[in-house]
Structures are given as C-alpha cells and as structure tokens.
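Read off the chains here:
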Amino acid sequence: VQLQASGGGLVQAGGSLRLSCAASGRTVSRVDWAWFRQAPGKEREFVAATRWSGGHTYYGDPVKGRFIISRDNAKNTVYLQMNSLKPEDTADYYCAGGTGVILSSIRSTDAYRYWGPGTLVTVSS
C-alpha cells in the first residue's frame, strides 16, 4: 500500500487547512488510518485516528476540538481538517495505515504498517 499526503502549506494563525492522504496498491479496506506529526527536534506525535469499522475517531489532546479526521472509503482517501491553527501546529504531517490495530495502541506509531511521506504545515503568528 502506497500513501501520498497532500494539502500542506503556509497559513496564518487562526486559519484552516485540509490534508488529504490517498492510498493505492493492494486492497485498502479494513484499514485503520491515522495522522501523526513531527516538529523539528521533537518526537513524532499522534494527531488523530479513524477506525475502519464504525467510524470511531480519536484525537490527541493538543488538537481536540480543532481538527477533524474523516475518510472516504470509495476514494481510498483519509482527510484531516485543521481549524483554528496555531503556530505550535507547525510540523511535518504523516498519514499512516494499519490493520488489526488494537485500541490501546491506536496512538502509537508502532501500530501502523503503512506510512506516507510527510507534508509540511507551517502556521505563522
């Protein structure tokens, strides 16, 4: 499975961006999807995840209430709508996919087998 993220860019604080991650390759059904981010000099951080079954969503505390993860299974695409952006949201954003992800690991990078290249989001103050 190949993942390609897009939609990053430069935005002023308070603005919005929508990231997309398109999956291609083998059948991508029953895949749990997530977004992580990594700022310079920091560890990769969980942002959001969505389960393949039931559509349950999960968010990291720093983005809760501002970001929304969604998926379009017909298009094999997962989205991250980012609102009320802050300078501290500046990072490379990565989409990730995994099968059989257990709930207790959903925020862990180790739970995801498929990774796309990052897309840079820069929020100016």
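Please refer to the structure placed before this passage.
Engineer: Honestly, the environment of N73 in this entry has me stumped. Any pointers?
Structural biologist: Assignment of secondary structure puts N73 in the loop between β7 (67–72) and β8 (77–82). Sequence separation between N73 and G60 is 13 residues; the distance between their C-alpha atoms is 23 Å.

Engineer: Just to check I follow, could you spell out unusual backbone geometry for this structure?
Structural biologist: As a rule of thumb, non-glycine residues mostly have phi less than zero, and peptide bonds are mostly trans rather than cis. Despite not being glycine, N76 has its phi angle at roughly 50 degrees, a positive value. Position of N76 relative to the elements: it lies in the loop between β7 and β8. Even without a glycine there, the phi angle at S84 is positive, about 50 degrees. One can find S84 in the loop between β8 and β9 (91–98). Classification of S84 as partly exposed rests on a relative accessible area of 41%.

Rules used throughout
- Residues numbered from 1 in each chain as written.
- Predicted model: local features only at pLDDT ≥ 70, side-chain atom pairs only at ≥ 80, totals over all residues.
- Heavy atoms only, no water.
- Helix = DSSP H or I, 4+ residues; strand = E, 2+ residues; numbered from the N terminus.
- Buried < 20%, exposed > 50% of the residue type's maximum accessible area, 1.4 Å probe, protein only.

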